[in-house]
Amino acid sequence: MTTGFKRAIRPLALLAAASVLAGCGGSGDGGSGSRNVTVWMYPVISDPQANSAYWERIEKDFEAATPGTTLTIEQQPWENRDEKLATALGSGKGPDVVLLNPDQIPQYLSNGAIRPVDAAVKDTKDTFLPNALTALTHDGRLYAVPIYHTVTSTLYNKRLLAQAGIDKPPATWEEIKAAAPRLKQAGVATLDYSASNEATLNMNFYPLLWQAGGKVFSDDGKKAAFNGPEGVAALTFLTDLYKAGAIPKSALTNSNAFADHPLGKQQVAMGFAGTLADADLARKTWGAENVLVGKPLSNAKQVTFGVPGGLGVSARSRNVQGAERFLAFMTEPAQIESLGKASGFLSPRTDVTVPSDAPHAKEFQDALAYAFPGEPSPVARQLMSLIAPEIQAALTGRKSPEEALDSAAAQADDLLARQR
């Protein structure tokens, strides 16, 4: 179901009938055949009541600032997001505006479902973090404007480190390997990891691959590159730690839920993909004095995963002008600040810092300098489902790191070949 703030509940099956009124479909001529703008938003604000209240206020504020335009923000669930959106956009019955991540841009661009949005930020483009714009750009054109930015960084349990006599938190791969025997002697695992098939590789294997200097895809995007020497080094780093007991056995079933992880349960000393929300939860469960947020890990490179959330416009929007006005409205400093405060995410603009009373907000703001959004590809998400089982095979010793990655790369190359 789709929950619209101006309409109580509206099933997806009724979108076709509603598209004439809501400007969700059209000829795709980029005209302005409607005074309505319909937005598909997702629960970026975790509290449902706060989420509803925030977007209801945005509707009212935008309509007050844009007389004659009706804005309808419809909440969509994260579950089956891509399938629902692809169907809606492909049939011409989707929204005018939709929240997109960088890895979705190639997918929807390849079938002509979204249009460039450079005009929406033509006067403010220089105020955005360069990485945020680059992540949402394809062939020199911007296809979504950033409204928030996420980032991950290294999270340490100071009590567990002290228990092992470690004063300096491990910040490099070599320091992690050196700390592991001391932590094991103290009865503590070293590094948290999520290897379940449901966990996104952006939060587990890919950051290590990038830190090793590797890439997921070849430069032309037509072949897998993650099985090169850098990828083997990253997976060997993991398998060696796992065999030594420095990564908990529960890694095989860990998803990306901090509270359910050994790290959250104070059974492991550190994790390399923590969020600001994780740090806040750790303060409540570990005690504020035991929480330390460090910079992203480094090896050949110092890099972490961080992604902008952006608003894109349907190629079939009947109110492109109204849609672009909404994009410009949501990237104004007032909205960047208010959304950041409500969601806990960071600012994608260099001239706007989201006010926050969260004790570790500054460390995560500083980590944005090392944020990398991943490598765009229409098959990026499908590829993860091929790699994850092979990483499990390597961790459990059924395959060597080289064998596991070569097997995944062969499947990836077949997948990429089918896209040509």
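Scroll up to find the structure this text is about.
For the pair helix α2 (residues 48–65) and helix α12 (residues 333–343), interaxial distance at closest approach is 11 Å and the crossing angle is 165°. Considered as vectors, α2 and α12 are oriented roughly antiparallel to each other. Read as a crossing pair, α2 and α12 show a hand that is right-handed. Here Tyr54, Trp55, Arg57 and Ile58 of α2 lie close against α12, whose contacting residues are Gln335, Ser338, Leu339 and Ala342. A per-class count over the contact of α2 with α12 returns five nonpolar, two polar and one charged.

With that settled, the discussion passes to the packing of aromatic side chains. Inspection of the entire model under this criterion finds 10 aromatic pairs. For the ring pair Trp173 and Phe237, a centre distance of 4.5 Å and an interplane angle of 10° mean the geometry is stacked. Of this pair, Trp173 sits in helix α7 (residues 173–185) while Phe237 sits in helix α9 (residues 229–243), and the two are 64 residues apart along the sequence. When the centroid spacing of 6.3 Å and the interplanar angle of 35° are considered together, the rings of Tyr193 and Phe272 count as tilted. On the criterion of sequence distance, the pair formed by Tyr193 in the loop between β10 (189–191) and α8 (205–211) and Phe272 in strand β11 (residues 268–274) is long-range, its members being 79 residues apart. Assessed through its relative accessible area of 3%, Tyr193 is described here as buried. Given the relative accessible area of 5%, Phe272 is considered buried. Here the aromatic residues Phe62, Phe326 and Phe329 are joined through ring pairs into a cluster of three or more.

Basis of the calculations
Residues numbered from 1 in each chain as written. Predicted model: local features only at pLDDT ≥ 70, side-chain atom pairs only at ≥ 80, totals over all residues. Heavy atoms only, no water. Axes fitted to C-alpha atoms, helices over the stretch in contact; angles between N-to-C directions. Helix = DSSP H or I, 4+ residues; strand = E, 2+ residues; numbered from the N terminus. Parallel < 35°, antiparallel > 145°, perpendicular 65-115°, else oblique. Left-handed = near helix turned anticlockwise from the far one by under 90°. Contact = heavy atoms within 4.5 Å. Nonpolar A, V, L, I, M, F, W, Y, C, P; charged D, E, K, R; others polar. Phe/Tyr/Trp six-rings, centres within 6.5 Å; stacked < 30°, edge-to-face > 60°. Buried < 20%, exposed > 50% of the residue type's maximum accessible area, 1.4 Å probe, protein only.

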